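What the coordinates show
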Amino acid sequence: MKILLTGASGFIGSHLLEYLKHYNLVVLTRSTPKAEIRLSHITFGHVSFIESLNELDNFNDIDAIINLAGESIFNKRWSKEQKENICQSRWELTTQLVDKCKASSNPPHIFISGSAVGYYGDQQSHSLDEMHSSPITGFTHLVCDTWEKIANQAQSEHTRVCTIRTGIVLGKKGGALAKMLLPYQCGLGGPIGDGKQYMPWIHIEDMTQAILFLLNNNNAQGVYNLTSPHPVSNIKFSRSLAKVLRRPHFLSTPASMIKLVLGESSVLLLDSIKAKPKHLVDSGFHFHFPRIETALKDLLK
């Protein structure tokens, strides 16, 4: 199988690469020399790097696309310029991929394209799955909704499209967990705001295995929540993290302070999204780490 991968240097993409190294890979990167150095620890069967999709005349010999590229939504405040970067880094590349699929006489069999549970916006304590359809507004919904609509244009009798609404991915190297550890290790851990907001989390191993499951399941298509079947409130998560680290859990960060520091992007920490992976589970996928304490123990042992 020949796979075109975007976002290979990101947190999820770099972990996924470990499981794709025996495939024939085409990796889209901003800088080939930097990518070769960054990924030098991985022994590939065959990999080629490209810095532009224009280096490929068509996708006739590409069997699958895994599209994970996009400007991080966490690293900077959401200025007007940063919002534009977040949107266009996802929308423009996905449009190019779709156009290339449509122009190919033998297009890829599967197109897996990123999205996020931010699609749902703040849903308080209401459980939801991929069929959720109540009116939704907000920047995160705009980003994900437009991103998914662009990706779905690649759907055809030859190409199945899977859009993956990713939750908070927990891993040992990078991602949200790495940023959370320091205050807990210093004995300053605790919930954010009132702690009642639900966190749709997933272990990096389950995240990776879910992508591989969709890649190799010929019946898989449509929207998938890539989250644990057991989302937890922020206070439950923070207590579990403190317990696993054997550190105190008594401080909290007021929502007003989060809003002051982060501005509009504070919704990433304060919105409550109790998303469940119904489509993934119904398709036969089994989670290795469905419970938060088991997941944290594995990651922090």
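Data block above holds the structure.
These lines cover the structure that appears in this document, whether it is placed above or below. Keep in mind the model is a prediction, meaning the values are calculated, not measured. (Residues numbered from 1 in each chain as written. Predicted model: local features only at pLDDT ≥ 70, side-chain atom pairs only at ≥ 80, totals over all residues. Heavy atoms only, no water.)

Quick notes on the overall build of the chain
This is how the line gets drawn: Helix and strand assignments follow DSSP, with helices taken as H or I runs no shorter than four residues and strands as E runs no shorter than two, numbered in order from the N terminus. Each radius of gyration is computed over the set of C-alpha atoms, and the globule rule expresses the reference value as 2.2 Å times the number of residues to the power 0.38. The rule is simple: take the accessible area with a 1.4 Å probe, protein chains only, and divide by the maximum for that residue type; under 20% is buried, over 50% is exposed, in between is partly exposed. Here the Shrake-Rupley method, with its probe set to 1.4 Å, supplies the accessible areas, and only the displayed protein chains count as covering residues.
A tally of regular secondary structure across the chain gives 11 helices and 13 strands. Radius of gyration (C-alpha) of the chain: 19 Å, near the 19 Å computed for a compact globule of 301 residues. Seen through its C-alpha atoms, the chain measures out along the principal axes to roughly 60 × 45 × 40 Å. Buried residues in the chain amount to 50% of all 301 residues. On the chain, roughly 14,600 Å² of surface is accessible, and the fraction owed to carbon and sulfur atoms is 52%.

Section: the environment of Pro 135
As for its placement among the helices and strands, Pro 135 is situated in the loop between β6 (127-128) and α4 (139-151). Overall, Pro 135 belongs to the exposed group, its relative accessible area being 81%. Placed 15 residues apart in sequence, Pro 135 and Tyr 120 show a C-alpha to C-alpha distance of 9.1 Å.

Quick word on the packing of aromatic side chains
Rules: Ring pairs are drawn from Phe, Tyr and Trp, using the six-membered ring of Trp, whenever the two centres fall within 6.5 Å, and their geometry is named by plane angle: stacked under 30 degrees, edge-to-face over 60, tilted for the rest.
Within this structure, the stated rule accounts for 4 aromatic pairs. Between Tyr 119 and Tyr 120, the aromatic rings sit 5.4 Å apart at their centres with planes inclined by 85°, giving edge-to-face as the arrangement. Tyr 120 shares its class with Tyr 119; the two are buried. Here the aromatic rings of Phe 285 and Phe 287 are separated by 5.1 Å at their centres, their planes lie at 85°, and the arrangement is edge-to-face. For Phe 285, a relative accessible area of 8% translates into the label buried. Residue Phe 287 is classed as buried on the basis of its relative accessible area, which comes to 15%.

Notes on the sheet that holds strand β5 (residues 110-116)
Operational definition: Two strands qualify as a pair provided DSSP detects at least 2 bridges between them. Axes here mean lines fitted to C-alpha atoms, for a helix over just the part in contact, with angles spanning 0 to 180 degrees between N-to-C directions. When checking whether two residues touch, look at their non-hydrogen atoms; a contact exists if any pair is within 4.5 Å.
Strand order in the open sheet made by the 7 strands is β3-β2-β1-β4-β5-β7-β11, with parallel pairing throughout. Of all the strands in the sheet, the pair left with one neighbour each is β3 (46-50) and β11 (222-226). Between one strand axis and the next, the sheet turns by 20° as a mean value, whatever way the strands run. As defined by bridge partners, strand β2 (residues 24-28) adjoins β3 across 5 bridges and the pair is classed as parallel. The partner of Leu 25 across the bridge, within β3, is Val 47. The strands that α4 touches are β4 (64-67), β5, β7 (160-166) and β11; relative to β5, the one it contacts most, it runs at about 175°.

Regarding the layout of surface pockets
Short version of the rule: Here a cavity denotes grid points, spaced 1 Å and computed from the protein atoms alone, that fit a 1.4 Å probe unable to get out, and a pocket denotes an open set having protein on both sides within 12 Å along at least 5 of 7 lines; residues with an atom within 4 Å of a point are the lining. Grid points are joined across faces, edges and corners, and a volume is the space filled by probe spheres set on the points. Residues are grouped as follows: Ala, Val, Leu, Ile, Met, Phe, Trp, Tyr, Cys and Pro are nonpolar; Asp, Glu, Lys and Arg are charged; every other residue, Gly included, is polar.
For the second largest pocket, the calculated volume is near 360 Å³. Lining the second largest pocket are 17 residues, and of these Phe 11, Ser 14, His 15, Glu 18 and Lys 173 lie nearest its centre. Of all the elements in the fold, those that place two or more residues in the lining of the second largest pocket are α1 (11-20), α6 (204-216) and α11 (292-300). The element best represented in the lining of the second largest pocket is α1, accounting for 4 residues. Looking at the lining of the second largest pocket, its residues break down into 4 nonpolar, 7 polar and 6 charged.

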